[in-house]
Amino acid sequence: MLEKMGESKHERLIEEFEALTKDAGRVQIETLRRILELNGEAEYLQSFGLGGRTDPESFKACVPLVTHPDLEPYIQRITDGEESPILTEKCVTTISLSSGTTGGRSKFVPFNDELVKSTMQIYHTSFAFRNREYPIMNGKALQFIYSGKQFKTRGGLTASTATTHVFRCDQFKNTMKDIMSQCCSPDEVIFGPDFSQALYCHLLCGLIYSEEVQFISSTFAHGIVHAFRTFEQIWEELCDDIREGVLSSRVTVPSVRAAVSKLLKPNPELADDIYRKCSRLSNWYGVIPELWPNAKYVYGIMTGSMELYLKKLRHYAGDLPLVSSDYGSSEGWIGANINPLLPPESVTYAVLPDIAYFEFIPLREELEEQELGNTGSTIVFKELNPVGLTEVKIGEEYELVFTSFAGLYRYRLGDVVKVKGFHNSTPELQFMCRQNLLLTINIDKNTEKDLQLAVVEATKLLADEKIELIDFTSHVDLSTDPGHYVIFWELSGEGSEDVLRACCDRLDLSFVDAGYASSRKVRTIGPLELRVVRRGTFHKILDHHLGLGVAVSQFKMPRCVNASNAKVLQIMCNNVVKSYFSTAFC
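These numbers were taken from a predicted model, which means no experiment stands behind them. (Residues numbered from 1 in each chain as written. Predicted model: local features only at pLDDT ≥ 70, side-chain atom pairs only at ≥ 80, totals over all residues. Heavy atoms only, no water.)

Overview of the overall build of the chain
For step 1, the next point in the chain: Counting its secondary structure elements, the chain contains 20 helices and 22 strands.
For step 2, the next point in the chain: Here the C-alpha radius of gyration of the chain, 25 Å, is about what a compact globule of 586 residues would show, namely 25 Å.
For step 3, the next point in the chain: Taken over the C-alpha atoms alone, the chain extends approximately 90 × 65 × 45 Å along its principal axes.
For step 4, the next point in the chain: Per-residue burial for the chain yields a buried fraction of 55% across its 586 residues.
For step 5, the next point in the chain: Here the contacts in the chain between residues at least 6 apart in sequence split such that 71% fall between residues at least 24 apart.
For step 6, the next point in the chain: For the chain, the accessible surface area stands at approximately 25200 Å², while carbon and sulfur atoms represent 51% of it.
For step 7, the next point in the chain: Placing the 61 positive and 77 negative side-chain charges of the chain at their respective mean positions leaves the two points 3 Å apart. (Helix = DSSP H or I, 4+ residues; strand = E, 2+ residues; numbered from the N terminus. Rg over C-alpha atoms; globule rule 2.2 N^0.38 Å. Buried < 20%, exposed > 50% of the residue type's maximum accessible area, 1.4 Å probe, protein only. Contact = heavy atoms within 4.5 Å. Areas by Shrake-Rupley, 256 points an atom, 1.4 Å probe, with all protein chains shown as cover. Lys, Arg positive; Asp, Glu negative; His and termini not counted. Charge placed at Lys NZ, Arg CZ, Asp CG, Glu CD.)

Description of the nonpolar core
For step 1, the next point in the chain: If you look at the biggest cluster of nonpolar residues, it comprises 102 residues, and the most contacted ones within it are Phe-228, Phe-231, Trp-292 and Trp-489.
For step 2, the next point in the chain: Ranked by the residues each element gives to this core, the list is headed by helix α11 (residues 221-244), at 11 residues.
For step 3, the next point in the chain: Listed in part, the 82 residues of the second largest apolar core include Leu-45, Phe-59, Ile-145 and Leu-389. (Core = buried A, V, L, I, M, F, W, Y, C linked by side-chain atoms within 4.5 Å.)

Let's talk about the packing of aromatic side chains
For step 1, the next point in the chain: All told, the structure shown has 27 aromatic pairs when counted by the stated rule.
For step 2, the next point in the chain: Taken together, a centroid distance of 6.1 Å and an interplanar angle of 80 degrees make the contact between Phe-59 and Tyr-357 edge-to-face. Of the two residues, Phe-59 is situated in helix α4 (residues 56-62) and Tyr-357 in strand β12 (residues 357-362); the sequence distance between them amounts to 298 residues.
For step 3, the next point in the chain: An angle of 75 degrees between the planes, with centres 6.3 Å apart, marks the rings of Tyr-297 and Tyr-299 as edge-to-face. The two residues Tyr-297 and Tyr-299 agree in class, both being buried.
For step 4, the next point in the chain: Taken together through their ring pairs, the aromatic side chains of Phe-144, Phe-228, Phe-231, Trp-235, Tyr-275, Trp-284, Trp-292 and Tyr-316 make up a single cluster. (Phe/Tyr/Trp six-rings, centres within 6.5 Å; stacked < 30°, edge-to-face > 60°.)

Focus: the sheet that holds strand β20 (residues 484-491)
Backbone hydrogen bonds hold the strands of a sheet together, and the pairing may be parallel or antiparallel.
For step 1, the next point in the chain: Pairing is mixed across the open sheet formed by 4 strands, whose spatial order is β19-β20-β21-β22. Across the chains shown, the open sheet's two edge strands, defined by having one partner strand only, are β19 (469-477) and β22 (576-581). Within this sheet the neighbouring strands show an average axis-to-axis angle of 20 degrees, counted without direction.
For step 2, the next point in the chain: In this structure, strand β21 (residues 529-533) lies alongside β22, joined through 5 bridges in antiparallel fashion. Bridging from a neighbouring strand, Val-532 pairs with Lys-578 of β22. (Pairing = 2+ DSSP bridges. Axes fitted to C-alpha atoms, helices over the stretch in contact; angles between N-to-C directions.)

Quick notes on the packing of helix α16 (residues 448-459) against helix α17 (residues 497-510)
For step 1, the next point in the chain: Interhelical geometry of α16 versus α17 gives an angle of 145 degrees and a closest axis separation of 8 Å. Handedness of the crossing formed by α16 with α17: right-handed. Touching Ala-454, Val-455, Glu-457 and Ala-458 of α16 are Cys-503, Arg-506, Leu-507 and Ser-510, all from α17. (Left-handed = near helix turned anticlockwise from the far one by under 90°.)

A word on unusual backbone geometry
For step 1, the next point in the chain: Along the chain, Asp-481 connects to Pro-482 via a cis peptide bond; the corresponding omega equals 0 degrees.
For step 2, the next point in the chain: As for its placement among the helices and strands, Pro-482 is situated in the loop between β19 and β20.
For step 3, the next point in the chain: Non-glycine residue Arg-410 carries a positive phi angle of around 50 degrees.
For step 4, the next point in the chain: Phi is positive for Asn-424, close to 55 degrees, though the residue is something other than glycine.
For step 5, the next point in the chain: Judged by its relative accessible area of 37%, Asn-424 is partly exposed.

Some points on the pairing of strand β10 (residues 332-336)
For step 1, the next point in the chain: Within β10, 5 of the 5 residues are buried, which leaves it mostly tucked inside the rest of the structure.
For step 2, the next point in the chain: As paired strands, strand β9 (residues 327-329) and β10 are joined by 3 bridges and run antiparallel to one another. In the sheet register, Gly-328 faces β10, and the bridge partner there is Trp-333.
For step 3, the next point in the chain: Counting the residues between successive antiparallel strands, the hairpin from β9 to β10 contains 2 residues.

Details of the packing of helix α10 (residues 195-208) against α11
For step 1, the next point in the chain: Here α10 crosses α11 at 65 degrees, and the two axes come no closer than 9 Å. Crossing of α10 over α11 shows right-handed handedness. Here α10 contributes Phe-195, Leu-199, Tyr-200, Leu-203, Leu-204 and Leu-207 to the contact with α11, which in turn contributes His-226, Ala-227, Thr-230, Phe-231, Ile-234, Glu-237, Leu-238, Asp-241 and Ile-242.
For step 2, the next point in the chain: Of the residues contributing to the contact of α10 with α11, the split by class is 11 nonpolar, 2 polar and 2 charged. (Nonpolar A, V, L, I, M, F, W, Y, C, P; charged D, E, K, R; others polar.)

As for the confidence of the model for the chain
For step 1, the next point in the chain: Across the chain, the average pLDDT comes to 85, with 93% of residues at 70 or higher.
For step 2, the next point in the chain: Per-residue pLDDT, averaged within each element of the chain, yields its smallest value for strand β14 (residues 377-382) (43) and its largest for helix α14 (residues 287-291) (95).
For step 3, the next point in the chain: Every residue in residues 1-5 scores below 50 in pLDDT, and together they form 1 contact with partners more than four places removed in sequence or on other chains.
For step 4, the next point in the chain: The model gives residues 366-381 a pLDDT under 50, and that stretch makes 23 contacts with residues more than four places away or in other chains. (pLDDT = per-residue confidence, 0-100.)

As for the pairing of strand β3 (residues 140-144)
For step 1, the next point in the chain: By the criterion of burial, β3 is predominantly enclosed, with 5 of the 5 residues buried.
For step 2, the next point in the chain: Neither face of β3 is exposed, since Lys-140, Leu-142 and Phe-144 on one face and Ala-141 and Gln-143 on the opposite face are all buried.
For step 3, the next point in the chain: Sheet topology note: the β3/strand β6 (residues 213-220) ladder contains 5 bridges and is parallel. By the bridge assignment for β6, Phe-144 is matched with Ser-218.

Considerations on the pattern of salt bridges
For step 1, the next point in the chain: In this structure the tally under the stated criterion is 30 salt bridges.
For step 2, the next point in the chain: A salt bridge links Arg-26 to Asp-23; the shortest N-O distance between them is 2.6 Å.
For step 3, the next point in the chain: On the basis of relative accessibility, which here comes to 48%, the residue Arg-26 falls in the partly exposed class.
For step 4, the next point in the chain: With a relative accessible area of 33%, Asp-23 lands in the partly exposed category.
For step 5, the next point in the chain: With its nearest N and O atoms 3.5 Å apart, the salt bridge here joins Arg-243 to Asp-240. Here Arg-243 and its partner Asp-240 are both found in helix α11, 3 residues apart, which amounts to about one turn of the helix.
For step 6, the next point in the chain: Through salt bridges with shared partners, a single ionic network connects Glu-30, Arg-33 and Glu-37. (Salt bridge = Lys/Arg side-chain N within 4 Å of Asp/Glu carboxyl O.)

Quick look at the environment of Leu-509
For step 1, the next point in the chain: Topologically, Leu-509 is positioned in helix α17.
For step 2, the next point in the chain: Separated by 55 residues in the primary sequence, Leu-509 and Ala-454 place their C-alpha atoms 8.1 Å from one another.
For step 3, the next point in the chain: Setting aside chain neighbours within four positions, we find Leu-509 in contact with Ala-584 and Phe-585.

Focus on the sheet that holds strand β4 (residues 151-152)
For step 1, the next point in the chain: Spatially, the 4 strands line up as an open sheet ordered β2-β1-β5-β4, and their pairing is mixed. If you trace the sheet from one side to the other, it starts and ends with β2 (108-111) and β4, each paired once.
For step 2, the next point in the chain: Where β4 meets strand β5 (residues 158-161), 2 bridges bridge the pair, whose relative direction is antiparallel. Bridge pairing links Lys-152 to Thr-158 in β5.
For step 3, the next point in the chain: Sitting on the sheet, helix α5 (residues 68-79) touches β1 (94-97) and β2, and the angle it makes with β2 is about 60 degrees.

Here it is, written out as structure tokens:
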């Protein structure tokens, strides 16, 4: 009876989503009206002379497109404790932090109850569609989730990552119960101050409840990969804990130790079963379904920079499906994965038209002829005007613009998306990359996606040596003349000199940007350099960011290390064991 009630609730959610997306244009107009009516007296909106108007035309004519630096002075006043309505009418009491892994410092973003509400809406919606394809029973989820540290701003506001705010709210627990996704681990583990101890306890609790686990998840794919790389090293210790019913001495945080010890009882039979299963695995292939036989899928963000980890994740998952979770950012949510059968490389996100007001800047470059007085005319590139949610075209790429209930208006998110189709009248987006250039020296323009494609192409040469790429990042070295690209690799084993030199050349040749290739040929960009770093280097990068207060749940490995991120660059450079320069354009 309870299961049928749950099924009917999830079907009702799908029906509501269908109704919203059938009239996405009208819903968007209504969503913008609600945002502007709620915040019409805010100083920011008042300054642009909207005069109470809430229609899209007036909004776009009066309010400019902005990036985060444009809003920083307003957000700084909020964090300093100014209580006047600055970005929103309702006083902001909570600040969200971006991970800061790309630029070297976190961005501060207003966080409010509306963002909590939209988070739960996304969770419920995507689960309803997911559960149609992969129905689960009432059980538990092995979730590798971690809370970040909270602190008070100078003005007394609570600041932390968006995921931390969500994990700490009552709605999160209620939602996890509703969607049958309650975590194996007690809260003390999720909110524990030590990441390594929390990871150990997540694995232990997952094994204790191995028969009840319905799926395995983490915020990002690398969180699951890191968990099982760690499992390879500590599985025998975990077996000992279960056999004896005594928690390892490595767990020293009193609250965590007490909470997990309550769950741990001597269970030699389970310990022997785990030991037997692990011993017969071949290179840990399929460890997840082997140890969690009732798991239906593996779940987490698997797009963008996470695609690097998919090969290893599939190795651990065996035949279990990989399901990519939903599309959002520190600033807010965009869309839900309503096609969970799609592989992560092809996943799309249906935009929820009532969650924010969306605009899309076309990334097709428009040519415009300009008169230059007596000198004649010239052709220049012109940025196209944004279009609305229902006006985008299939196959086109756009930069996403976002107006939220939390005080961000016409905010350029910096994400590049491609429209793959429509669900009713709302677009289904594929995340492509971040808009900002990672690598540029001369006239070259290479994005995160360009870098990732080059790395994927070059690592094909490692296959015959049975070596895996564990992680990578990049750097533009301007200390040489001319400047050149530096790619850092951490490998699972030692590659031969010939293969690594070939990898270096292949990397150089795989940047297909015309500006890069032509600059290399005329030597205005120097030979690409491949630097191989010792094992564990990228874990040091993680530890560095954790020390700065970044939550593991929000951590993304920076794919380019700028000179401003001096500490991370120093860690990378201090751990180089081999270096190669490309001969591809000689």
